[in-house]
Every structure is written in structure tokens, then in C-alpha cells.
Amino acid sequence: MKEEEEISQDLVLEGLKKKDPVTIDGFIRQFSRPLFGVILNYTKNPADAEEILQDTFLKVINKIDTFREGSPLWPWMRRIAINNAIMWLRKNKPKQDRTLNLDDMEPVFTNQGEFKEPVFSWTMDPEDVFMNSELGSELYNAIQSLPVEYRLPLILRDVEGYSLKQISSLIQLKEPTTKTRIHRARSFVRERISKYMEGGK
Amino acid sequence: MKNSYDCKTCFDLLLDYLEGELDDDKRSKIEEHLKTCGPCINYFQTYEKTTKLLKTLKEQEATVPKATQERIKYFVMREIHLNES
């Protein structure tokens with residue numbers, strides 16, 4: 001079967017419920033790439049992403065009886081992939097995450113509570129990211145260089161659009177801590193991309 | 001009592017401000033400060049643009065090599081058989 005070939009959802013569901021090897025084979029071929037793309041937002045390490053991907057397929061197949069028939073399969077699978085990435089990253093925190101000091105990325109204030117350094121406006125707009133692949137990579141790298149405890153709440157809030165309450169429950173944090181982490185992570189990303197956004201490089 | 005905050009307090013309350021979670025008193029003190037503070041206006045605008053930029057982050061374009069797909073298939077089938085036996 002061609003990778004791009006779409007198979008009827010009902011047939012897929014039926015085959016997955018029966019644990020039919022041919023269906024599972026086609027299913028993995030069809031959804032490996034899009035699921036991998038989702039998971040790579042959570043970790044840029046391909047080996048980690050592959051492990052999360054295989055666990056995701058296993059969970060999807062094992063939970064297929066709980067899938068509400070008639071609803072679209074992709075958003076359901078996507079949620080499973082995201083939850084799986086969260087669980088995996090919480091259990092296997094990458095070591096290099098510990099080297100980054102987020103304090104250096106927050107603005108510095110005087111004793112009078114004023115900004116110590118000048119704050120420049122940006123000449124570029126968020127829409128311009130589509131025109132500038134260098135900025136796109138910088139954005140992705142900035143997110144990926146965040147320690148996982150900051151990266152997860154940031155992606156869940158700003159990329160996925162989850163509520164603060166949902167995020168706190170998913171990553172088991174109190175809401176004020178979730179907010180502080182998102183705030184610091186945004187400040188960090190803002191600082192990292194400033195040089196591109198200020199000058200329209 | 002002052003009717004406006006300093007930059008540091010505005011920065012600390014920025015997320016709550018954008019989430020609409022501040023009471024009227026705190027919100028108006030921030031807005032009062034923003035009327036006259038250039039650095040804060042720039043910081044608020046660029047911070048908000050950062051959140052908008054993050055929303056544009058799409059799923060990553062990545063190919064999954066055939067060998068990887070085979071490994072995944074092998075893993076999944078093995079786990080299924082282990083569960084069933």
C-alpha cells in the first residue's frame with residue numbers, strides 16, 4: 001500500500017480491533033509521519049521521539065475499543081501522542097536541560113523597579129515567520145533548549161491552546177507554578193528571537 | 001496610595017493581565033503605567049507577539065525511514081502477542 005493512500009476509517013477501526021497485522025502495517029505507514037511531526041515539537045531528539053511514537057501506536061491500538069465511532073480519528077490519536085510525550089518526558093528528563101539558566105533571559109530591573117536595559121520594539125510581525133525560515137528554526141530551537149519543565153507548559157498553552165487548568169492537571173503542578181513557568185519560558189523565547197524580530201533580519 | 005505600578009510589578013503581572021485574570025484595580029494600575037512607559041509598552045507588545053508566534057509553530061516536517069517503521073511494527077506486534085498470550 002502507498003504511504004499516502006487513505007484507507008476507510010471504518011475498515012481501519014475494524015482491522016485494529018481484530019489486531020489484524022495487515023491493517024496495523026498500513027496504519028503505521030499512514031500515520032508514522034504526522035504523529036512523528038507532533039512528537040518532535042516536544043523533543044527534538046529523534047531516538048526519544050521514536051520511542052514515544054512506538055508507545056503511541058501501541059496505546060492507540062490497545063485503546064481502540066474506547067474510541068467513539070463516528071468522530072474523527074486523527075484528533076484522538078494526536079491527543080494520545082501529546083499525552084504520551086508528556087508522560088515520557090516527565091519520566092526521562094534529558095540531562096542537558098539542567099545547564100540553562102533562565103534567570104539570564106529575564107529582564108533586569110533597577111532598585112526603583114524600572115527596566116535596566118532598553119527594550120526595543122519589533123519591526124517584524126508574527127506572520128513574517130512564514131517568510132523567514134531562519135526565524136522559524138530559531139523559534140523551534142529556542143523552545144527545544146528550554147528545560148522540559150518549562151517547555152511542556154509553554155507548548156501546551158501557546159501551541160496547543162490548552163487552558164491553564166488543563167495543563168496544571170496534565171503535568172501535575174499547582175496553577176501558580178504553571179503560570180510562572182509559562183511566563184519565564186515566554187520571556188526566554190522572546191529574548192532568543194528578539195534579534196530577528198527587531199531588525200527584520 | 002500610588003495609582004500605577006512600576007515596570008517590575010507590571011512584568012510580574014503580565015501573564016495574568018493577558019489571561020484576563022486581574023481584578024479591575026490591578027488592571028487599571030498596569031494600564032495607567034503603560035500610558036507613560038515606553039519600555040513597558042515595547043515589552044508588552046513583543047511578549048504578546050511571542051505568544052502569537054508560538055501559535056504559528058506547526059508540526060515538524062520529518063520523514064520516518066522505512067527501517068524505523070519496521071521496528072515500530074515489530075515492537076507493536078510483539079507487545080500485542082505478549083499481551084494476548
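Residues numbered from 1 in each chain as written. Chains lettered and ligands numbered in written order. Predicted model: local features only at pLDDT ≥ 70, side-chain atom pairs only at ≥ 80, totals over all residues.

(A) Representation of the overall build of chain A. When helices and strands are tallied, chain A shows 8 helices and 0 strands. Scanning chain A from its N terminus toward the C terminus, one meets helices and strands in the order α-α-α-α-α-α-α-α. Across its three principal directions, the C-alpha atoms of chain A cover 70 × 40 × 30 Å. Of all 201 residues assigned to chain A, the portion counted as buried reaches 31%. Intrachain contacts of chain A at a sequence separation of at least 6 include 66% that bridge at least 24 residues. (Helix = DSSP H or I, 4+ residues; strand = E, 2+ residues; numbered from the N terminus. Buried ≥ 20, exposed ≤ 12 C-beta atoms within 10 Å, placed from the backbone. Contact = placed C-beta atoms within 7 Å.)

(B) Fine view of the overall build of chain B. Secondary structure summary: chain B contains 4 helices and 0 strands in total. Put simply, chain B runs from its N terminus to its C terminus through helices and strands in the order α-α-α-α. For 85 residues, the compact-globule estimate of 2.2 N^0.38 gives 12 Å, and the C-alpha radius of gyration of chain B, at 25 Å, exceeds that figure by more than 25%. Along the first, second and third principal axes, the C-alpha set of chain B runs to 75 × 30 × 15 Å. (Rg over C-alpha atoms; globule rule 2.2 N^0.38 Å.)

(C) Just unusual backbone geometry, in detail. Residues and elements named next belong to chain A. One non-glycine residue, Lys19, lies in the positive phi region at around 55°. If you trace the backbone, Lys19 turns up in the loop between helix H1 (9-17) and helix H2 (21-39). The phi dihedral of Gln172 is positive, around 55°, even though this residue is not glycine. With respect to the helices and strands, the residue Gln172 is situated in the loop between helix H7 (164-170) and helix H8 (175-199).

(D) Just the interface of chain A and chain B, in detail. Contact with chain A, which involves 44 residues of that partner, is made by 37 residues of chain B. Breaking the side of chain A that touches chain B down by element, the ones donating at least two residues are H2, helix H3 (46-62), helix H5 (133-145), helix H6 (148-159) and H8 of chain A. When residues of the side of chain A that touches chain B are assigned to their parent elements, the largest contribution, 11 residues, is made by H2 of chain A. Considered class by class, the residues forming the side of chain A that touches chain B number 26 nonpolar, 8 polar and 10 charged. (Nonpolar A, V, L, I, M, F, W, Y, C, P; charged D, E, K, R; others polar.)

(E) Spotlight on the nonpolar core. Leu35, Ile39, Leu53 and Ala85 of chain A are the most contacted members of the largest nonpolar core, which totals 47 residues. Aside from chain neighbours lying at most four places away, what touches Leu35 of chain A is Leu53, Thr56, Met77 and Ala81 of chain A. Counting 8 residues, the second-largest nonpolar core is a separate cluster that includes Tyr5, Cys7, Cys37 and Tyr43 of chain B. (Core = buried A, V, L, I, M, F, W, Y, C linked by C-beta atoms within 7 Å.)

(F) Looking closely at H5 of chain A. Under the 1.5 Å per step criterion, the end-to-end length of H5 of chain A is 18 Å for 13 residues, consistent within 8% with the ideal 18 Å. Buried within H5 of chain A are the following residues: Leu135, Leu139, Ala142 and Ile143 of chain A. Within H5 of chain A, the buried residues cover an arc of 95° as seen down the axis, which keeps them to one side. Those residues of H5 of chain A that are exposed and angled more than 90 degrees off the buried face are Ser133, Glu134, Ser137 and Asn141 of chain A. Among the structural elements, H6 and H8 of chain A together with helix H3 (38-55) of chain B are those in contact with the buried residues of H5 of chain A. (Expected span 1.5 Å × (residues − 1). Arc of directions from axis to C-beta.)

(G) How the structure looks around the environment of Thr123 of chain A. All names here are of chain A. Tracing the sequence through the fold places Thr123 in the loop between helix H4 (73-91) and H5. Thr123 sits in the exposed class, given 11 other C-beta atoms within 10 Å. Linking Thr123 and Asp158, residues 35 residues apart in sequence, is a C-alpha distance of 22 Å.

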